[in-house]
Structure formats: structure tokens, C-alpha cells
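This is what each chain is made of:
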Amino acid sequence: AASLLLFFLAYPLAKGIWMSLTDVKIGRAGEFVGLENYVELIVYDKTFWNATIFTLVYTAVASTIKFALGLYLALLLNRNLPFKSLIRSIVLIPFIVPTVLSAIAFWWIFDSQFSIISWTLRKFGLIDNNINFLGDPTMARLSTVAANVWRGVPFIAITMLAGLQTISPSYYEASAIDGATPWQQFWHVTLPLLTPIIAVTMTFSVLFTFTDFQLIYVLTWGGPLNATHLMATLSFQRAIPGGALGEGAAIAIAMVPFLLAAILFSYFGLQRRTW
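Conventions and cut-offs
- Residues numbered from 1 in each chain as written.
- Predicted model: local features only at pLDDT ≥ 70, side-chain atom pairs only at ≥ 80, totals over all residues.
- Heavy atoms only, no water.
- Axes fitted to C-alpha atoms, helices over the stretch in contact; angles between N-to-C directions.
- Helix = DSSP H or I, 4+ residues; strand = E, 2+ residues; numbered from the N terminus.
- Parallel < 35°, antiparallel > 145°, perpendicular 65-115°, else oblique.
- Contact = heavy atoms within 4.5 Å.
- Nonpolar A, V, L, I, M, F, W, Y, C, P; charged D, E, K, R; others polar.
- Phe/Tyr/Trp six-rings, centres within 6.5 Å; stacked < 30°, edge-to-face > 60°.
- Lys NZ or Arg CZ within 6 Å of the ring centre and 35° of its normal.
- Left-handed = near helix turned anticlockwise from the far one by under 90°.
- 1 Å grid on protein atoms, 1.4 Å probe; cavity = no way out; pocket = protein on both sides within 12 Å on 5 of 7 lines; lining within 4 Å.
- Points joined across faces, edges and corners; volume = space filled by probe spheres on them.

Trainee: Looking at this structure, I do not really get the packing of helix α3 (residues 46-77) against helix α11 (residues 231-239). What am I missing?
Mentor: The packing of two helices is summarised by the inter-axis angle and the distance between the axes. Remark: α3 packs on α11, axes separated minimally by 8 Å, with the N-to-C direction vectors making an angle of 150 degrees. On the basis of their axis angle, the class for α3 and α11 is roughly antiparallel. Side by side, α3 and α11 meet where T47, F48, A51, T52 and T55 of the first sit next to M231, L234 and R238 of the second. In the contact of α3 with α11, the residues fall into four nonpolar, three polar and one charged.

Next comes the structure, spelled out in C-alpha cells:
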């Protein structure tokens, strides 16, 4: 196990850190330049800062919406509904479908000429012209968040549902006898007992969202005008098509502190429940 971790995790991380300290390019061995790549990114590269800010906003907004919708959906699925197993299977479909196929589907949904959303709104007389979902920077950002939420909600819902089913019904019976309302039961029984599951689930959700690559790359390629670049897609663009492996590695390594902060917050703020 230690050998696998060293080979697949420790070595690539160490290699990435070393490359970020060099000016290596595709087809040319690099020389050690120290923190020059990081200084260039932080001081002079506006695209890097735009990608960093959008990555943080994208992660925060998408994760919050996914948590709210996923928890609400889990509470609904935890009830005694007819065809419960079938409904759960249907809910999982967005998460099971490959990300590239999901992105292609949303590419059609948000297409400037053939968008089903624009077509429907025009049929109802709500708009006169098609909405340029992926051509306008603001609309493109909102569209990518919507696609990520659609894909991520099932993961939250199913894991929360698994956590809800571990809570003993005796707690709800005792609180009902004491006169607790459904909201009080949720706030004082469900949420505290679900907190460890929330910590683990949201940690994975934040990590998956922060490092999202396929959805953005297929849907917008980071455009328009680099408006939807995440740090992961910008790192790839600089390193592979752009050939600047050292600069791309520096962007990738710059993601690590944010990911560590998310993990530490989850552990100390939620998992241990010191509050």
C-alpha cells in the first residue's frame, strides 16, 4: 500500500513541484528558475487570477446549491414512497452518465441556435431572440454552474440518504412525544446526527468541483474570453497545447493550498464537531 501511494501520489506531486520550479517546455529540458513561474502568475497574469477567482466562486456556489438540493432530495427519498427503488435508480442517472456525454448534452441545450431552452421560451413568447448561453461571459459562467449542479446533486442525495437511514427512528418518536415540530426534529435530531456524513460528502464534493476539468473543457474550452477557465483547465491549456510545462505545473501546484484548506475545514469544523 505504501509503495502504491508513493508511486501514484507522492512521486507525481514531487515531480509537479520540481517542474513548477523550472522553465521546462515540451521538447526542451528546462533549467531551475526558482519561484519565477509563481511570481509571473501572481504579479503579471490576469488570466490566472480570473481563473482562480472563478474557481473559488464556481466551487462555492455549485457546492452550496448541490448540498441544499441533495439534502432536500434525500429527505424526500427517505419517506415511504411508491416505487422507491426505481426513483432512486433514476436519481443516480446524472451521476452515472460519463461527464463528457453530459457536457455534450448541455452543449446542445445551451447552443446559441438550437437551444431547447431558447426554443421553449420563444414558443411561450417570453423572449424574441435566442439566448447566447455560451457566448456571453456571465451566461457562460452560470451555464457551467448549472451543468455541474445537475451532475453533482445525485451524489449528494444518495450519500445523504444512506446517512439518514442510519438514524434510529426512536429519536424521532421521542422528540415527537416531547412535542417537537418537523422543523425542530430536522434541526435538533437529523442535522446533528448527519453531520459526519455531511463532512465526508461535502469534502468530496468540494474536491470534485474545485478540480473539475472535463465538464468545462468540453462545454466551453475555458471561453468566451477565458471567462470560464478553472485552474485545472488553465493549467492544462498552458502545459499541453501551450507547451509551457513549468508554468502549467505551477498553476496545478497552486491548487494544493486551497484543497488542503477544504480538507482541514471539513475535519476540524465538521467531522470533529468542536462547535
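Trainee: Just checking my understanding: could you explain the packing of aromatic side chains for this structure?
Mentor: The way to describe two aromatic rings as a pair is by their centre distance and the angle between their planes. Under the defined criterion, the tally for this structure stands at 17 aromatic pairs. Measuring from centroid to centroid gives 5.8 Å for F48 and W49, while their planes differ by 65 degrees, and the two rings are edge-to-face. Through pairs of rings, three or more aromatic residues link up here, namely F95, F155, F204 and F208. For the cation-ring pair, R141 lies above F54, with the distance from its terminal atom to the ring centre recorded as 5.9 Å.

Trainee: Explanation requested: the packing of helix α7 (residues 137-164) against helix α9 (residues 182-210) in the structure shown.
Mentor: Put simply, α7 and α9 touch, their axes get as near as 10 Å, and they point 150 degrees apart. By the criterion of interaxial angle, the relationship of α7 to α9 is roughly antiparallel. For the element pair α7 and α9, the recorded crossing hand is right-handed. On α9, the residues that touch N148, F155, I156, T159, M160, G163 and L164 of α7 are T190, L194, I197, I198, T201, M202, F204, S205 and T209. Across the contact of α7 with α9, the residue classes break down as nine nonpolar, seven polar and no charged.

Trainee: Mind showing me how you'd approach the layout of surface pockets here?
Mentor: Its volume calculated, the largest pocket comes out at about 390 Å³. L75, N78, L164, Y172 and T190 are, among the 15 residues lining the largest pocket, the residues nearest its centre. Counting only elements with at least two residues in the lining of the largest pocket, the list comes to α3, α8 (169-177) and α9. Broken down by element, the residue count for the lining of the largest pocket peaks at five residues, all from α9. Its residues assigned to classes, the lining of the largest pocket comprises 10 nonpolar, four polar and one charged.

It is worth stressing that arrangement in space is one thing and function is another; only the former is reported here.
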